[in-house]
Amino acid sequence: MTISTSAVSSLASEKSSFSDLMQETFALTRRLFLQLARRPSTLVAGILQPLIWLVLFGALFSNAPEGLLPGGMSYGRFLGAGVIVFTAFSGALNAGLPVMFDREFGFLNRLLVAPLCSRNSIVFASVIYITTISLLQSLAIMGTASLLGYGWPGPAGLILVCFTLLLLVFAVTALSLGLAFALPGHIELIAVIFVANLPLLFASTALAPLSFMPSWLAWLAAINPLTFAIEPIRAAYAGPLDLDIVLIHAPYGDVRGFDCLIVLTLLTIGLFLLIGPLLNRKLA
Amino acid sequence: MPLIELKELEKSYGAVKALRGLNLNVPKGSLFGLLGPNGSGKTTTLRIICTLLAPDSGQVQVVGLNALKKAREVRRAIGYVAQDVAIDKILTGRELLKLQGDLYHLSPVYRDQRIEELISRLVMSDWIDRRCGSYSGGMRRRIDLASGLLHQPQLLILDEPTVGLDIESRSTIWQLLLELKNKGTTILLSSHYLEEIEALADQMAIIDEGRVIAEGSPKNLKEKLGGDRVTLRVREFSDENEAKKISKLLETIEGVRQVVINQLQGFSLNLVVDDESVLKCIREKLASADLKIFALSQSRPSLDDVYLQATGRTLMDAELELVGQRDMKLESKNAMR
Ligand SMILES: Nc1ncnc2c1ncn2[C@@H]1O[C@H](COP(=O)(O)OP(=O)(O)O)[C@@H](O)[C@H]1O
Ligand SMILES: [Mg+2]
């Protein structure tokens with residue numbers, strides 16, 4: 001009897017601390033969305049930039065000879081997957097900026113004197129926010145690409161696209177949050193974001209297949225996480241979903257669709273484990 | 001039982017020793033003033049109490065809990081109004097208060113009710129739905145005070161709450177603090193304004209170079225000092241020789257202490273007398289030396305005198321000494337998490 005009462009009461013307190021966690025995470029997330037709603041320029045830029053890539057690059061290669069690309073794909077359709085991934089990637093890379101500004105302006109202290117249930121809610125809020133934004137931006141690009149005649153994945157393909165993007169966004173968000181706590185200020189963070197962005201795009205299969213690249217670049221592209229996200233999505237656009245077929249003929253061996261997802265999963269877990277201690281120290 | 005108990009706190013920022021064995025007891029129900037010049041360690045002390053900063057060594061007991069171990073429980077009991085207000089410029093005041101309420105896990109109904117109460121109490125309704133970026137210093141302070149009070153903490157901590165404020169905002173805040181104290185909230189506030197401590201505090205401590213050097217009620221501290229402060233002039237503008245002559249004369253009188261020539265005030269003389277009867281002796285002595293009294297004023301010891309006695313310099317001098325020496329940019333960079 002006593003045991004069951006104490007079990008009930010401990011359950012009740014657990015439930016209430018869970019609802020506390022929800023309340024604080026929701027409040028912090030809402031703040032980020034309010035900021036976005038009042039300063040939508042970053043959202044707009046985040047959609048415009050990849051859109052310009054899509055239209056300009058698509059046009060640039062529109063008269064390329066048929067059968068140039070593997071599987072006889074049109075360049076626009078080929079490019080679509082790259083630009084979708086790039087959109088999600090560069091969106092998630094910005095995840096650390098709001099946190100960095102909160103550190104710099106001291107707003108973080110306001111959060112830290114509050115009796116937060118867990119300081120992870122600060123991280124959760126950033127992840128929820130940036131994931132939503134990145135997926136929305138990517139969907140906007142997918143819609144535009146389909147209007148341009150570059151295709152639309154089937155239902156199963158769509159799920160694969162979302163799942164792949166989710167993994168990538170989680171990994172990059174973790175990285176960006178880690179940088180936001182490790183770097184001394186927003187100038188340094190913006191510099192890193194700026195420098196990381198384009199080279200990672202060019203050293204991936206976003207714009208051209210591995211077979212077009214000199215071997216040093218093919219090596220880089222074949223270990224670039226972006227490639228591991230791009231190829232499953234490209235496959236989802238290409239036809240019926242089959243994760244067992246080889247998607248990347250990398251210099252070190254063949255990589256199947258499944259392998260891509262496993263690599264992305266491991267990368268995400270690894271990055272969160274890596275930044276965990278840093279966040280704990282900074283938020284202690 | 002003290003609500004805050006600090007023992008032998010030490011804290012350094014690199015080579016700068018901010019706290020050097022600070023001891024402090026804040027009794028429950030008091031409105032406690034922490035008086036000290038810029039750089040004396042007030043903010044550091046308050047940040048340690050609020051669990052924002054860990055001391056290098058020493059004990060921190062707040063609301064009966066070890067703040068270094070039970071940080072979350074302590075945070076729940078405290079409302080903290082920081083010195084530099086960090087607000088989100090894009091949010092409106094109301095949105096900021098709601099966020100604050102959610103971070104303290106208030107139920108939405110209670111939260112919104114408290115927000116309304118504070119909006120009317122702090123006269124914020126005209127601008128509460130404007131973005132915080134457009135607020136004046138006084139408005140920011142009020143919003144910050146409101147967010148500190150939202151969850152009705154038993155302990156309110158304010159770091160120099162009225163620095164740089166207009167008179168109206170200042171008196172609104174003072175009134176609210178007195179009202180809160182009467183309702184039983186314990187309040188600890190730091191200040192380098194004597195008149196603020198004088199107007200509000202029923203208990204106080206003087207902090208200097210990271211140590212508490214005097215502690216008690218303002219009344220007691222002044223009484224302990226004893227004597228009356230007297231300013232004496234024999235003519236409107238005297239000269240050094242005359243002043244020295246009088247000074248020698250005065251020092252021979254029993255019950256006269258600390259005679260100082262104040263050159264800046266036309267060589268007037270400042271002194272301390274034990275009681276009224278000494279004044280009579282002074283008048284007689286001066287008359288017998290053929291000196292007339294042009295002006296004589298007498299006052300009870302002030303907190304400034306208490307500070308002077310404890311540190312050997314006036315609060316104003318201490319303030320001037322340190323101003324401009326601090327690199328606030330570097331400090332906020334260092335304080336970044
Ligand atoms: N983050 C910091 N980095 C370096 N020095 C600091 C920092 N914060 C405070 N100090 C120094 O510690 C001393 C006490 O500062 P503080 O507690 O802010 O005093 P107060 O609030 O009384 O002005 C000062 O000499 C100040 O320059
Ligand atoms: Mg201070």
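That block above? That's the structure.
Attention here is on the structure that accompanies the text.

Side note on the state of the cysteines
Then, in step 1: Inspection of the entire model under this criterion finds zero disulfides over all chains.
Then, in step 2: Looking at the unpaired A:C162, the closest cysteine sulfur is the one in A:C260, lying at 17 Å.

Some points on the pattern of salt bridges
Oppositely charged side chains can form a pair if their charged atoms are brought close together.
Then, in step 1: Scanning the entire structure with this criterion turns up 29 salt bridges over all chains.
Then, in step 2: With its nearest N and O atoms 2.8 Å apart, the salt bridge here joins B:R114 to B:E117. On the criterion of helical spacing, the pair formed by B:R114 and B:E117 is a turn pair, its members being three residues apart in helix α4 (residues 108-121).
Then, in step 3: Since its relative accessible area comes to 8%, B:R114 is described here as buried.
Then, in step 4: One salt bridge in this structure joins B:K244 and B:E240, with 3.5 Å as the shortest N-O distance. Here B:K244 and its partner B:E240 are both found in helix α9 (residues 240-251), four residues apart, which amounts to about one turn of the helix.
Then, in step 5: Given a relative accessible area of 44%, B:K244 falls into the partly exposed group.
Then, in step 6: One salt-bridge network, in which partners are shared between bridges, spans A:R30, B:D102, B:R111 and B:D112.

Regarding the coordination of the magnesium ion (ligand 2)
Residues and elements named next belong to chain B.
Then, in step 1: Coordination of the magnesium ion (ligand 2) by the protein is provided by T43 (OG1) and Q83 (OE1), with metal-donor distances spanning 2.0 to 2.4 Å. Of this pair, T43 sits in helix α1 (residues 42-49) while Q83 sits in the loop between β6 (78-81) and α3 (93-103), and the two are 40 residues apart along the sequence.
Then, in step 2: For Q83, a relative accessible area of 30% puts it in the partly exposed group.

Re the packing of aromatic side chains
All names here are of chain A.
Then, in step 1: One pass over the full model with this rule turns up nine aromatic pairs over all chains.
Then, in step 2: Taking 6.1 Å as the distance between ring centres and 10° as the angle between the ring planes, the aromatic pair formed by F101 and F105 counts as stacked. Of the two residues, F101 and F105 both sit in helix α4 (residues 96-105), four residues apart, roughly one turn of that helix.
Then, in step 3: The exposure class of F105 is exposed, given its relative accessible area of 60%.
Then, in step 4: An aromatic cluster of at least three residues, connected via ring pairs, comprises W53, F57, F86 and F202.
Then, in step 5: For R234, the ring lying beneath its charged end belongs to F78, and the centroid distance is 3.4 Å.

Structural notes on the interface of chain A and chain B
Then, in step 1: Taken together, the contact between chain A and chain B spans 32 residues of the former and 31 residues of the latter.
Then, in step 2: For chain A, the biggest contributors to the area lost against chain B are A:R38, A:R110 and A:P115; these three give 26% of the whole.
Then, in step 3: The interface formed by chain A and chain B holds four salt bridges in total.
Then, in step 4: Notably, a salt bridge pairs B:D102 with A:R30, separated by 3.2 Å at the nearest N-O pair.
Then, in step 5: There are 15 residue pairs in polar contact (both at pLDDT 80 or more) connecting chain A and chain B.
Then, in step 6: Mapped by element, the contributors of at least two residues to the side of chain A that touches chain B are α1 (2-38), α4, α5 (107-113) and α11 (257-283) of chain A.
Then, in step 7: By residue number, the principal contributor to the side of chain A that touches chain B is α1(A), which donates ten residues.

Here we look at α4(A)
Then, in step 1: For α4(A), the complete set of buried residues consists of A:G96, A:L97, A:V99, A:M100, A:D102 and A:R103.
Then, in step 2: Immediately downstream of α4(A), the backbone of A:G106 shows phi near 85°, a positive value.

Considering the sheet that holds strand β1 (residues 2-13) of chain B
Residues and elements named next belong to chain B.
Then, in step 1: Taken together, four strands build an open sheet; the order of strands is β2-β1-β4-β5 and the sheet is antiparallel. Every other strand in the sheet has two partners, leaving β2 (16-27) and β5 (65-66) as the edge strands with one partner each.
Then, in step 2: In terms of strand pairing, β1 meets strand β4 (residues 57-62) through five bridges, oriented antiparallel. The residue bridging E10 from the neighbouring strand is S57, located in β4.
Then, in step 3: Here α1 sits on the sheet and contacts β1, β2 and β4; the angle it forms with β1, its principal contact strand, is near 120°.

A word on the pairing of strand β10 (residues 211-216) of chain B
All names here are of chain B.
Then, in step 1: Sheet topology places strand β9 (residues 203-208) next to β10; five bridges connect them, and they run antiparallel. Bridge pairing in β10 places I206 opposite A214.
Then, in step 2: Between β9 and β10, which pair antiparallel and follow one another directly, the connecting turn spans two residues, one of which, E209, has a positive phi of 45°.

What counts, and where the lines are drawn
- Residues numbered from 1 in each chain as written.
- Chains lettered and ligands numbered in written order.
- Predicted model: local features only at pLDDT ≥ 70, side-chain atom pairs only at ≥ 80, totals over all residues.
- Heavy atoms only, no water.
- Disulfide = S-S within 2.5 Å.
- Salt bridge = Lys/Arg side-chain N within 4 Å of Asp/Glu carboxyl O.
- Helix = DSSP H or I, 4+ residues; strand = E, 2+ residues; numbered from the N terminus.
- Buried < 20%, exposed > 50% of the residue type's maximum accessible area, 1.4 Å probe, protein only.
- Donors = N, O, S within 2.8 Å, 3.2 Å for Na, K, Ca; no water.
- Phe/Tyr/Trp six-rings, centres within 6.5 Å; stacked < 30°, edge-to-face > 60°.
- Lys NZ or Arg CZ within 6 Å of the ring centre and 35° of its normal.
- Contact = heavy atoms within 4.5 Å.
- Buried area = accessible area lost by both parts, 1.4 Å probe.
- Polar contact = N/O pair within 3.5 Å; in protein donor to acceptor, adjacent residues only side chain to side chain.
- Pairing = 2+ DSSP bridges.
- Axes fitted to C-alpha atoms, helices over the stretch in contact; angles between N-to-C directions.

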